[in-house]
Each structure stands twice: as C-alpha cells, then as structure tokens.
Amino acid sequence: MKLAVLGAGVVGVTTAFELAQDGHSVTVFERRQTAAEEASFSPGGLLAPEWTAACAALAWEQANERQHSWWSKLLGKRSPIAHNPGPALLAMACHSLERLSQLSERLMPSFGEQQGLMTVWKDPSGHPVAARLQNLLADFGSKSHLTDAEQARHLEAALNPDTTLAGSLVVPETWSANCRQFVLQLKSHAQQAGCRFRFATEVLGVQQTPGQRGVRVLCSQQEAHSELFDGVVLCTGQATLGLLKPYGLALSLETRVAHAVSGLIREPLDAPSATVHDLQQGITIARTGQWVRAVGPALQASRLPRAEAAFKPLYDSLSNWFPGALRTGVSGAVQEWSGTVTTTPDALPLLGPTSVPDIWINAGHGMHGWLLACGCAKVLADQLSGRPPEIDITPFLAQRSLPAVA
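This section reports on the structure supplied with the text. Within each chain, residue numbers correspond to sequence positions counted from 1 in written order. Per-residue local features are limited, in this predicted model, to residues with pLDDT of at least 70; the limit for side-chain atom pairs, both in listing and counting, is 80 or more; totals at the level of whole chains, interfaces and linings are taken over all residues. Side-chain measures here rest on the full set of heavy atoms in the structure, leaving out hydrogens and waters.

What follows concerns the overall build of the protein chain. A helix here means a DSSP run of H or I that spans at least four residues, while a strand means a run of E at least two residues long, and both kinds are numbered starting from the N terminus. Check the secondary structure of the protein chain and you find 10 helices and 18 strands. For 406 residues, the compact-globule formula gives about 22 Å, and the C-alpha radius of gyration of the protein chain, at 21 Å, lands near that figure. Along the first, second and third principal axes, the C-alpha atoms of the protein chain reach 70 × 55 × 40 Å. Residues classed as buried in the protein chain amount to 53% of the 406 residues present. For the protein chain, long-range pairs separated by at least 24 residues make up 73% of all intrachain contacts whose partners lie at least 6 apart in sequence. The quantity called the radius of gyration is restricted to C-alpha atoms. Its globule counterpart is 2.2 Å times the number of residues to the power 0.38. A 1.4 Å probe rolled over the protein chains alone gives each residue an accessible area, and that area as a share of the maximum for its type sets the label: buried under 20%, exposed over 50%, partly exposed in between. Note on definitions: a residue-residue contact is assigned when non-hydrogen atoms from the two residues lie within 4.5 Å.

Right, let's get into the pairing of strand β15 (residues 291-295). Summarising burial for β15: 4 of the 5 residues are buried, a large majority. The rule for pairing is simple: two strands pair if DSSP sees at least two bridges between them. Bridging between strand β14 (residues 283-288) and β15 involves 5 bridges; their strand directions are antiparallel. Opposite I285, over in β15, you have A294 as the bridge partner.

This brings us to the packing of aromatic side chains. Ring pairs (aromatic) are described by centroid distance and by the angle formed between their planes. Think of it this way: a Phe, Tyr or Trp ring, Trp meaning its six-membered ring, pairs with another when their centres are within 6.5 Å, and the plane angle makes it stacked under 30 degrees, edge-to-face over 60, tilted otherwise. Summed over all chains, the structure comprises 3 aromatic pairs. Seen in terms of ring centroids, F29 and F229 are 5.9 Å apart; in terms of plane orientation they differ by 90°. Their pairing is edge-to-face. In this pair, F29 sits in strand β2 (residues 25-29) while F229 sits in strand β10 (residues 227-229), placing the two residues 200 residues apart along the sequence. Neither residue differs from the other here; F29 and F229 are each classed as buried. Ring geometry for F182 versus W370: centroids 5.3 Å apart, planes at 50°, classification tilted. Of this pair, F182 sits in helix α7 (residues 179-192) while W370 sits in helix α10 (residues 369-384), placing them 188 residues apart in sequence.

Taken in spatial order, the 3 strands make up an open sheet running β8-β9-β10, and their pairing is antiparallel. Of all the strands in the sheet, the pair left with one neighbour each is β8 (203-208) and β10. Going from strand to strand, the sheet's axes swing by 30° on average, the running direction of each strand aside. With 3 bridges joining them, strand β9 (residues 215-219) and β10 adopt antiparallel strand pairing. Within β10, the residue paired with R216 across the bridge is L228. Axis definition: a line fit to C-alpha positions, over the contact stretch in the case of helices; interaxial angles, taken between N-to-C directions, run 0 to 180 degrees.

Read from one edge to the other, the open sheet built from 6 strands follows the order β7-β2-β1-β11-β18-β17, with strand pairing classed as mixed. Whereas interior strands pair on both sides, the edge strands pair on one side only; in this sheet they are β7 (196-198) and β17 (350-353). Within this sheet the neighbouring strands show an average axis-to-axis angle of 20°, counted without direction. Pairing analysis gives 5 bridges linking strand β1 (residues 2-6) to β2, with the strands arranged parallel. Bridging from a neighbouring strand, K2 pairs with S25 of β2. Packed onto the sheet, α10 meets β1, β11 (231-234), β17 and β18 (359-363) and runs at close to 165° relative to β18.

That's the geometry; what it means functionally is another story.
Right, here's the structure in full:
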C-alpha cells in the first residue's frame, strides 16, 4: 500500500520504519526541518516498563481516592477511569522494549544507554508513597529496594551531601537512553528501506473524496499538495484533534507542556551515575554521554508558570541534588527546551483505525512516547499488514470508550 505517516517524532519514525519493512511505500510529512524536533527532542530517556506501569497505577489509585472524597462529590467531578491502566501499559512497554532491543542490536551502535533508577525524597511524607510504589513494582515483577539516606549516598556518590535526603527507592533493572539519537539513526535506516521524508512541510488537512477510496494529504509544499494515499497514519500529537475535527471526531486527547534543561557535564564525578527521580517534585535527572538533563512533569495549561519561571524548578533541582554537574557560563553549554505532549484520560495511547476509513492513529503517548514507540509502531504495522498483534490491543483501541477531557 501507499501510506502517509504524519509526524517525524519517535512515534512517527518508528511507525514509518515498520511499515517500510513490511514492503509498503511510505512517505513521512513533518513540519520541522528534521526528525525529533518537538516532544522527542529532549525527553527524560527512561526505559522502565515496570516503573512506568507502577506510577500509572498509583496515579489511578489516587484519582479514585480523590473521586470518593466529599468535596469531589459535591462539585460533581467526572468519574475516574474504571480500569487500572498499569497492566496494559506494562504489556505494551515490555513489547516495545523488546522491539527496541532487536532494532538496536541489528541496526545501530550504542545510543547512550545507562542503567539504574533511584527515586529520592527530602520529606518523610515520601515514605508511604515510595512503599506503595515498591509494592506495585513487585506486583509487576520488578525488584526494588528501599534505602535510608546513608545507603543512597553510598550508591549515588554525587548526591549533594548538604541536601536533605529522607530516603530512596532503587530500581536497578531499568535503562535510560538518548531518544533523539535513536530517532535520527532509525530515520536513516527507514530511508534506506525506501521511506521518503518531506521535511518543512506543514500538513493542512487530510481529505477523503466522496465515492473514492484513499485519503489526500493537503500540505504546504506545492509539489506534494493533495497527494493521494491508500491510508494515513496520524502521529501528530497536538495537531491530531484539528486534523480529525472536520470528520466530527472528538477524541479524548489533552495537550500538556513539558520543560527540560540539558547541559554539558562540568565534572563527571559530580554527575549522576544512574537516573535520579525526585519523587515529590516529579523531576527526573539523567546522564546521557557528556550531557546531564533535568526533565519536569507535563503540566496542564492551567498549572503552567510564567514563561520566565518555567525552567527555574529544573535548575533548582540540578543545583540541589548535583550542584557541580552542570557547566555554566559557556556559550552553548546549556540548552532549554519546552514542548507539548498529548495524553489521554487513562494514560494509554490511541492506536489503530479511526471511524474514518483509511485514517489510522498512533497518538496520545504523553511523556511515554520514547518507551512505547517501538511497540506501538509494531502493533500498528501488524494491523495494517493483516497480522494479529503479539499483545492484546483492546485497551489501546482508538475507538474505545473514554470520558471527555475536562
């Protein structure tokens, strides 16, 4: 089939690669000048299926607790998601990590892997939250152990001795890697497989012709304007809603904004040896080669600070935990990034055919696009090629019942 993939982030590039491997003629449309320029440019890098599933399960439990409080009932808040998303998220993440390992072993050299995750907290109120996470990790088959401050500092010697540390939760069997480096390498392999990339091309719409199969991609480049495809896959994040609006599809997608600070390491012994996550701030600090990166949580628009204050918590976190790691005062040594991500109410991406013929979707991954991309791409390619997917995709179906985003 002749297929179009809209978006060249990690989700779009992995999808295009898998479709090209199946023999389809694939064209990728991307508004930026190259791949991985938006949400895939500077993610935290963590590849930890059990940890991600445990965090999603904990968030689901907390949402249910809030829903049953008297004030929530009084305000008439919408009901939380009925099913715990943790097990489905774990299945897809494990499937994705297996496919990522296959691709990296077969196609490319190392792309900045780093092992281990340490979650830290300053206040004793973090103890019960960490204990619950440890129980959830055990339920999902992952080993972890709680430590006191002294043990944590022994394991992660670069932690600031002057910063209060109440305890840590160590998850050793996790990985962190450079998402953007992987995407750029995989793009080259996709091109070698015959995939075409149209960069600096704004997609204006996807259009069906009455009585005719196929979809036209309406875009800004005159020579590619209104090109007809057998099918279109939307890997477009925030733009997905606008592209599907003419068809009356109101998907449960919410746009959030995340921020990151990346900088050259000044002194290697002062930088983290593993990925460190601040449990109470929701900030993750990771080392990638000669760089150290702090990534904050994706925030709703109503909770966003002013632009000039958005990066302050990230600099504060780096200064608090690893004060000697970041090289400052040198031009180009520090990069600030902000970008949008889309998520769903149940934290599971929308995957598969939409109710509009020949239009497919692979979107709504939230902050987990790097972790889930390879698995979601493989599942979508299986569906388009008529193969049964290797995991249960029911929880991810694009047409599943979801409450509207508030």
